[in-house]
Amino acid sequence: MFYYVLKHVLLGPLLKLLFRPRVEGLEHVPEEGAAIVAGNHLSFSDHFLMPVVLDRRITFLAKQEYFTGPGLKGRLTAAFFRSAGQIPVDRSGKEAGRAAIREGLGVLGRGELLGIYPEGTRSPDGRLYKGKVGVAVMALTAGVKVVPCAMLGTFEIQPPGRVLPRIRRVTIRFGEPLDFSRFAGMEGERAVVRAVTDEIMYEILALSGQEYVDEYAAKVKAADDAGREPRKFPRAER
């Protein structure tokens, strides 16, 4: 209930007024039934702007840190994400990854929309990073289509470290659903889930026009935090 109050009364109208989101390809999001919406992740604002433009409810697997932050800000953030029905995900290891997949499959099993950021974390510099294979495992296990999504302009309004977003127009672009039924029953095959993930990331790349980095964003962030200069990567061929 609170999700719809938040979307249609408290927050949604304000976000639409301030950011005037331009929406493209909304017809590609199924009106009913289970599906995954897989998008790039440029900004904290992504969590709010994508759900606002969708007609259906979407549940995201949100990082656990949003639910465990210290102080007043941490408590308010946790309360918001819980009230909005988002699911905390521990990203600390393989078992945590399996738990996240189980949670995601539960959402899909109820015939709902599941939102995923395959990069696993926000882009540190606006580029598109290598996708993690959980999105492919869930798509193949549940037998659902994946709708690629590109957020454009959200990095500029709220890059990492910026608390309050700049007020500028953003674009949210949805692509045609990807059908991976040809790989049914192969969710345990490493090469298959890697290929499916790469296909999803390529479609996001085509929609977003970002520079692609064949490296996990978390690894690049860790190198940057340790004071080492991340390697530079060439722009991916499109």
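Presented here is an overview of the structure given in this document. (Residues numbered from 1 in each chain as written. Predicted model: local features only at pLDDT ≥ 70, side-chain atom pairs only at ≥ 80, totals over all residues. Heavy atoms only, no water.)

## As for the packing of aromatic side chains
What the rule picks out here adds up to two aromatic pairs. Both rings, one in Phe60 and one in Tyr117, keep their centres 5.2 Å apart while their planes meet at 20°; by these two values the pair is stacked. Remark: Tyr117 occurs in the loop between strand 5 (113-116) and strand 6 (128-129) and Phe60 occurs in strand 3 (residues 58-63); sequence separation between them is 57 residues. Summarising the burial analysis for this pair, Phe60 and Tyr117 share the class buried. (Phe/Tyr/Trp six-rings, centres within 6.5 Å; stacked < 30°, edge-to-face > 60°. Helix = DSSP H or I, 4+ residues; strand = E, 2+ residues; numbered from the N terminus. Buried < 20%, exposed > 50% of the residue type's maximum accessible area, 1.4 Å probe, protein only.)

## Some points on unusual backbone geometry
A positive phi angle, close to 40°, is found at Arg20, a residue other than glycine. Judged by relative accessible area, which is 46%, Arg20 ranks as partly exposed.

## Examining empty space enclosed by the protein
Under the defined criterion, the tally for this structure stands at one cavity of 30 Å³ or more. Of the pockets and cavities examined, the largest cavity occupies roughly 180 Å³. Taken together, 16 residues form the lining of the largest cavity, with Leu6, His47, Phe48, Pro51 and Phe80 sitting closest to its centre. Going through the elements one at a time, helix 1 (2-10), helix 2 (12-19), helix 3 (46-53), strand 3 and helix 5 (71-83) are the ones with two or more residues in the lining of the largest cavity. Sort the elements by how many residues they give to the lining of the largest cavity and helix 3 lands first, with four residues. Considered class by class, the residues forming the lining of the largest cavity number twelve nonpolar, three polar and one charged. (1 Å grid on protein atoms, 1.4 Å probe; cavity = no way out; pocket = protein on both sides within 12 Å on 5 of 7 lines; lining within 4 Å. Points joined across faces, edges and corners; volume = space filled by probe spheres on them. Nonpolar A, V, L, I, M, F, W, Y, C, P; charged D, E, K, R; others polar.)

## Remarks on the sheet that holds strand 8 (residues 171-174)
Strand order in the open sheet formed by seven strands is 1-8-7-2-5-3-4, and the pairing between neighbours is mixed. Bordering the open sheet on either side are strand 1 (22-24) and strand 4 (87-89), each of which pairs with just one other strand. Adjacent strand axes in the sheet meet at a mean angle of 25°, parallel and antiparallel pairs treated alike. Pairing analysis gives three bridges linking strand 1 to strand 8, with the strands arranged parallel. Within the sheet, the bridge partner assigned to Arg22 lies in strand 8 and is Thr171. Relative to the sheet, helix 9 (residues 190-208) contacts strand 2 (35-39), strand 7 (146-152) and strand 8, its axis offset from that of strand 7 by approximately 35°. (Pairing = 2+ DSSP bridges. Axes fitted to C-alpha atoms, helices over the stretch in contact; angles between N-to-C directions. Contact = heavy atoms within 4.5 Å.)

## Focus: the pattern of salt bridges
Opposite charge on two side chains permits pairing when their charged atoms draw close. According to the stated counting rule, one finds seven salt bridges in the structure shown. Here Glu112 ties to Arg110 by a salt bridge, and the two come within 3.2 Å at their closest N and O atoms. The partly exposed category is assigned to Glu112, whose relative accessible area is 27%. Judged by relative accessible area, Arg110 falls into the exposed class, the value being 54%. Arg127 is the salt-bridge partner of Glu211, the closest N and O atoms lying 3.7 Å from each other. In this pair, Glu211 sits in the loop between helix 9 and strand 9 (212-213) while Arg127 sits in the loop between strand 5 and strand 6, placing the two residues 84 residues apart along the sequence. Residues joined in a network through salt bridges with shared partners are Asp125, Arg127 and Glu211. (Salt bridge = Lys/Arg side-chain N within 4 Å of Asp/Glu carboxyl O.)

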